[in-house]
Each structure stands twice: as structure tokens, then as C-alpha cells.
Amino acid sequence: MNKYDLVPRIVENKDWVTFVFIISLGIIAITKAAFEKRFSDFVNLLVNDKYLKIYKDSSNLMTWFTILLFIVQLISLSFFIQLLLSFLGYTTKTNGIAFIQIFTAMSFFILSKFLVEKIIATSFNIENLIEQFNLYKVSYRTYIGLFLLPINITLYYTVFLNYYVIISLVVILLAINTITYLISLKNYQKLIMSKMFYFILYICTLEIAPYCFIYYLIKN
């Protein structure tokens with residue numbers, strides 16, 4: 001008599017990925033329709049700094065334009081991280097639970113960091129400097145998030161995901177992030193020099209320590 005071992009077949013639902021992409025594109029379309037002039041200036045951010053000059057006031061950090069595109073940024077970066085983890089074998093690119101976990105962790109980390117930044121900036125009396133500095137960073141990082149969205153779609157629906165593509169994208173993203181960070185330091189050097197001691201404390205506490213801590217957690 002033959003013996004058979006029954007192995008449960010787990011089929012992952014892939015429809016959620018398409019739904020997430022549609023939501024992201026829908027948010028972008030709504031933002032473009034609601035803030036047409038501002039969106040037009042924003043998409044030219046890498047060509048000129050007109051957007052930063054017009055919307056340099058710190059109050060622009062909490063507008064619906066920024067919030068809506070911030071959501072797209074979170075979705076885009078979360079899915080890109082999932083693609084990296086799937087390539088490394090820690091999960092699959094169709095694992096919806098993993099995406100929710102990554103999205104939640106990123107949201108918590110960024111929002112918590114922003115709240116702590118506000119508290120420290122107020123305590124050190126450098127609130128105006130940090131708000132302008134954050135607006136600059138948020139603008140470029142949101143742009144990077146939008147830049148990643150079509151790349152995520154392409155990598156998900158094709159077989160282009162390989163070692164060289166992953167390394168190239170990570171290097172490009174790190175390079176863009178580093179360059180924009182250095183440019184922001186240059187643009188606000190007068191304000192920074194007047195509050196140098198407190199700004200160094202801010203950099204060490206909130207721009208270096210959190211990422212070192214994350215690296216330590218991932219490594220261990």
C-alpha cells in the first residue's frame with residue numbers, strides 16, 4: 001500500500017500588489033489635479049530649485065500636497081525594500097504581510113523621528129533651521145520615492161531583478177541622497193554656523209545614531 005505525505009499548498013495572493021500600485025498612481029493623479037502648479041514645479045526639482053524657493057516656508061511641510069506624496073513615498077520605498085529582501089531570500093515579493101510590516105515599521109520610524117526632531121529643535125531653539133532643513137530633505141526624498149515607483153512596477157512585472165540591477169539602484173539612491181544632503185548643508189550653512197554646536201548634536205542624535213541602530217539590528 002502506497003503512503004502519501006500531504007503537503008499544504010500555500011498560494012500567495014498577488015492581486016494586492018497591483019492594487020497598491022493603482023492606489024499610488026491614483027494619489028499622484030489626485031495630487032496633480034488638486035495642486036497643478038505646485039506639482040509642475042515639483043517634477044522639475046532636479047532641473048532647477050524653483051520649487052524650493054517658492055515653497056521654502058516651513059508651513060508647507062504639513063500641507064496636503066506634502067502628505068499625499070509622502071504616502072506615495074512610503075509605499076514606494078516599502079515595496080523597494082521588499083524587493084531587496086525577496087532578492088536576498090528573506091521573503092517573497094508577493095508577501096502581503098511582509099509589505100504591511102515594512103510599511104508600518106517605516107511609517108513608525110519616520111514619524112517618530114520627525115516628532116523627536118521637533119522636540120529637540122524646540123529645546124535647542126533651532127526650530128526654524130530644522131524645519132527648513134527637513135522641508136528640503138522631504139522634498140528630495142519624496143522625489144526619490146516617485147522615481148522609484150515606475151522602477152518597482154518594472155521590477156515586479158518583469159524578470160530584470162538581479163544582482164547588478166539591485167547594486168546599481170542602491171548605489172544611485174545612496175548617491176542622490178548624499179548629494180542632496182550635502183547641498184542642503186551648503187544652502188543653510190549661514191544658519192547652521194550660527195547654531196553649530198546644537199546642529200552637530202542634532203546630526204549625531206537623529207541623523208547618524210538611528211541608522212547605526214538599524215544596521216546593528218539587521219546585522220544581529
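Whatever comes next refers back to the structure up there.
Residues numbered from 1 in each chain as written. Predicted model: local features only at pLDDT ≥ 70, side-chain atom pairs only at ≥ 80, totals over all residues. Heavy atoms only, no water.

1. So, the side chain of Asn152
Inference 1: For Asn152, the position within the fold is in helix α6 (residues 127-157).
Inference 2: The residues contacting Asn152, other than those within four sequence positions of it, are Phe21, Ser76, Phe79, Phe80 and Leu83. (Helix = DSSP H or I, 4+ residues; strand = E, 2+ residues; numbered from the N terminus. Contact = heavy atoms within 4.5 Å.)

2. A look at the nonpolar core
Inference 1: Counting residues in hydrophobic clusters, the biggest one holds 38 residues, and the most contacted among them are Phe42, Leu45, Tyr51 and Phe79.
Inference 2: For this core, the secondary structure elements donating two or more residues are α1 (15-34), α2 (36-43), α3 (50-54), α4 (64-88), α5 (96-124), α6 and α7 (163-187).
Inference 3: It is α4 that contributes the most residues to this core, 11 residues altogether.
Inference 4: Look past the residues within four positions of Phe79 in its chain and what remains in contact with it is Trp16, Val17, Phe21, Lys93, Phe99, Asn152 and Tyr156. (Core = buried A, V, L, I, M, F, W, Y, C linked by side-chain atoms within 4.5 Å. Buried < 20%, exposed > 50% of the residue type's maximum accessible area, 1.4 Å probe, protein only.)

3. Looking at a nonpolar patch on the surface
Inference 1: Together, Phe87, Leu88, Tyr90, Tyr163, Tyr164, Ile167 and Val171 make up a nonpolar patch on the protein surface, roughly 830 Å² of accessible area in all.
Inference 2: Looking at the nonpolar patch element by element, the count peaks at 4 residues for α7.
Inference 3: Relative to the helices and strands, Ile167 resides in helix α7. (Patch = residues over 30% accessible without salt bridge, like charges linked within 9 Å, V, L, I, M, F, W, Y side chains within 5 Å. Areas by Shrake-Rupley, 256 points an atom, 1.4 Å probe, with all protein chains shown as cover. Salt bridge = Lys/Arg side-chain N within 4 Å of Asp/Glu carboxyl O.)

4. Comments concerning the environment of Phe87
Inference 1: Counting through the fold element by element, Phe87 comes out in helix α4.
Inference 2: Apart from the residues lying within four places of it in its own chain, the contact partners of Phe87 are Leu161, Asn162, Tyr163 and Ile166.

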